[in-house]
Amino acid sequence: MASNTSKTARASVRAGQGAGGALSVLGEYKYLIPLNKGKHAYVRNLTNGKTVHLRTDSDAFVEEIRALAGAGHGAKIRAELAALAAAAPGDGWDATEKRLVDAGVFEA
């Protein structure tokens, strides 16, 4: 059966989970890869090792970010959203963050 992730990527994620958090093992990890001036993004998920292509105004995007925030990555994602909003103010990343906050994604 074919796998969507490489053997090395799966091993890195497994090693990170056993070492108290993948962020300490993998170093700097970007969760959001912006596309199409903020209308779409690749969302990289450490918990399952998959990267999905989603519209930033879709319910699927909200749920993907909610899953990551629930796994303890919410602060890092909010920091990435703020950095994207500062780097590309016309791309609507501030509105995307507001939509996620309004949906209760980052609440503990």
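Just so it is clear, the structure is predicted and the values come from calculations on it, not from any experiment. (Residues numbered from 1 in each chain as written. Predicted model: local features only at pLDDT ≥ 70, side-chain atom pairs only at ≥ 80, totals over all residues. Heavy atoms only, no water.)

Further remarks concern helix H3 (residues 59-87). The end-to-end C-alpha distance of H3 is 25 Å, clearly below the 42 Å that 29 residues give at a rise of 1.5 Å each. Taken as a whole, H3 carries its principal kink of about 115° at Gly72. (Helix = DSSP H or I, 4+ residues; strand = E, 2+ residues; numbered from the N terminus. Expected span 1.5 Å × (residues − 1). Bend = angle between axes of the 7 residues up to and from the residue.)

Time to look at the pairing of strand S3 (residues 50-55). A regular strand places its side chains so that they alternate between the two faces of the sheet. Direction of pairing for strand S2 (residues 40-45) relative to S3: antiparallel, over a ladder of six bridges. Bridge pairing in S3 links Arg44 to Thr51. The turn joining S2 and S3, which pair antiparallel and follow one another in sequence, is formed by four residues; a positive phi near 75° is taken by Gly49. (Pairing = 2+ DSSP bridges.)

Moving on, we get to the pattern of salt bridges. Pairing is possible between side chains of opposite charge, provided their charged atoms come close. One pass over the full model with this rule turns up five salt bridges. The shortest N-O distance in the salt bridge between Arg66 and Glu63 comes to 3.3 Å. Of the two residues, Arg66 and Glu63 are both situated in helix H3; the distance of three residues between them amounts to about one turn of the helix. By relative accessible area, Arg66 is classed as partly exposed at 29%. Judged by relative accessible area, Glu63 falls into the partly exposed class, the value being 44%. The shortest N-O distance in the salt bridge between Lys76 and Glu80 comes to 3.7 Å. Placement of the pair is Lys76 and Glu80 together in helix H3, with a separation of four residues, close to one helical turn. Looking at Lys76, the relative accessible area reads 22%, which means it is partly exposed. (Salt bridge = Lys/Arg side-chain N within 4 Å of Asp/Glu carboxyl O. Buried < 20%, exposed > 50% of the residue type's maximum accessible area, 1.4 Å probe, protein only.)

For Tyr42, the position within the fold is in strand S2. C-alpha of Tyr42 to C-alpha of Arg55: the two residues are 13 residues apart in sequence and 8.9 Å apart in space. Not counting residues within four places of it along the chain, the set of residues in contact with Tyr42 comprises Tyr31, Leu32, Ile33, Leu35, Thr51, Val52 and His53. (Contact = heavy atoms within 4.5 Å.)

Geometric values such as these leave the question of function open.
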